[in-house]
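A closer look at the structure
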Amino acid sequence: MIDIAIFDEHKLVLEGFTSLLSGVSDLRIVLTCDDRNVLTEKLKLMQIHVLILNMHDISVRNINLIIQLNINNPKLKILVVSVIDSEEIVLKTIKAGAKGFLGKDADRNSMIEAIYTLRNGHDYYSQSITHLLLNRYISTLDTDQMSQNTNINSL
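**Digging into the overall build of the protein**
Scanning the protein from terminus to terminus reveals 6 helices and 6 strands. Each helix and strand of the protein, ordered N terminal to C terminal, gives the series β-α-β-α-β-α-β-α-β-α-β-α. Seen through its principal axes, the protein has C-alpha atoms that stretch 65 × 30 × 25 Å. Expressed as a percentage of its 155 residues, the buried residues of the protein come to 41%. For the protein, restricting intrachain contacts to residue pairs at least 6 apart in sequence, the fraction spanning at least 24 positions comes to 67%. For the protein, the accessible area works out to roughly 8,900 Å², and carbon and sulfur atoms hold 52% of it.

**Some points on the sheet that holds strand 6 (residues 124-125)**
Strands belonging to one sheet form pairs held by backbone hydrogen bonds; the direction of such a pair is parallel or antiparallel. Pairing is parallel in the open sheet, where 6 strands are placed in the order 2-1-3-4-5-6. Each edge of the sheet is formed by a strand with only one pairing partner; in this case those strands are strand 2 (27-33) and strand 6. In terms of strand pairing, strand 1 (residues 2-7) meets strand 3 (residues 50-54) through 4 bridges, oriented parallel. Directly across from Ile4, in strand 3, lies its bridge partner Val50.

**A short note on a nonpolar patch on the surface**
On the surface, Leu134, Tyr137, Ile138 and Leu141 cluster together to form a nonpolar patch covering roughly 380 Å² of accessible area. Its location among the elements puts Ile138 in helix 6 (residues 127-153).

**Describing the packing of helix 2 (residues 36-45) against helix 3 (residues 60-72)**
Packing of helix 2 against helix 3 brings their axes to within 10 Å, and their N-to-C directions diverge by 10°. Relative to helix 3, the element helix 2 lies roughly parallel. Where helix 2 approaches helix 3, its residues Arg36, Leu39, Thr40, Leu43 and Lys44 are matched on the opposing element by Arg61, Asn62, Leu65, Leu69 and Asn72. Taken together, the residues of the contact of helix 2 with helix 3 sort by class into 4 nonpolar, 3 polar and 3 charged.

**Overview of the pattern of salt bridges**
With the rule as written, the count across this model stands at 5 salt bridges. Lys44 is the partner of Glu41 in a salt bridge, and the nearest nitrogen-oxygen pair spans 3.3 Å. Here the residue Glu41 and the residue Lys44 both occupy positions in helix 2, the gap between them amounting to 3 residues, near one helical turn. By relative accessible area, Lys44 is classed as partly exposed at 47%. Here Lys92 makes a salt bridge to Glu88, at a shortest N to O gap of 3.2 Å. Linking Lys92 with Glu88, this pair stays in helix 4 (residues 87-96), spanning 4 residues, or about one helical turn.

**Some details on helix 5 (residues 108-119)**
Between its first and last C-alpha, helix 5 extends 17 Å over 12 residues, near the 16 Å set by a 1.5 Å rise per residue. Taken together, the buried positions of helix 5 are Ser110, Met111, Ile112, Ala114, Ile115, Thr117 and Leu118. Gly121, located one to two residues past helix 5, shows a positive phi value of around 95°.

Cut-off values and rules
Residues numbered from 1 in each chain as written. Predicted model: local features only at pLDDT ≥ 70, side-chain atom pairs only at ≥ 80, totals over all residues. Heavy atoms only, no water. Helix = DSSP H or I, 4+ residues; strand = E, 2+ residues; numbered from the N terminus. Buried < 20%, exposed > 50% of the residue type's maximum accessible area, 1.4 Å probe, protein only. Contact = heavy atoms within 4.5 Å. Areas by Shrake-Rupley, 256 points an atom, 1.4 Å probe, with all protein chains shown as cover. Pairing = 2+ DSSP bridges. Patch = residues over 30% accessible without salt bridge, like charges linked within 9 Å, V, L, I, M, F, W, Y side chains within 5 Å. Salt bridge = Lys/Arg side-chain N within 4 Å of Asp/Glu carboxyl O. Axes fitted to C-alpha atoms, helices over the stretch in contact; angles between N-to-C directions. Parallel < 35°, antiparallel > 145°, perpendicular 65-115°, else oblique. Nonpolar A, V, L, I, M, F, W, Y, C, P; charged D, E, K, R; others polar. Expected span 1.5 Å × (residues − 1).

Structure (structure tokens):
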């Protein structure tokens, strides 16, 4: 059984996520929360495998929440769900400690796959996020390659 907590500041969204996951037999939603202080306190008392954080904005406050949750709960796997999928934002959440990120292209199956993947100890990023990160990596390689070629040619 995979124990899941869901955080969103909107109760309607909490109900929607709960409904999406309710039919999966080995997933158990043990906490839904719309208040970050309550979330932090309750997670100190519970053993949760995956926390789904739906973030409408990726502010310093939300990045700090991810960092704090990781400090207090090192075994917790955090899955960020957000329509904001800029490269900078995704990288900030990863650096803060999120192990997964679902962008606006994600569906129910992606969320379920992400939960299983995180529980098995691997990171998970939806297709658009993987594409974004791969493009960044390739552009970094291209820049490094051009820099090396320039250095070789100048010898």
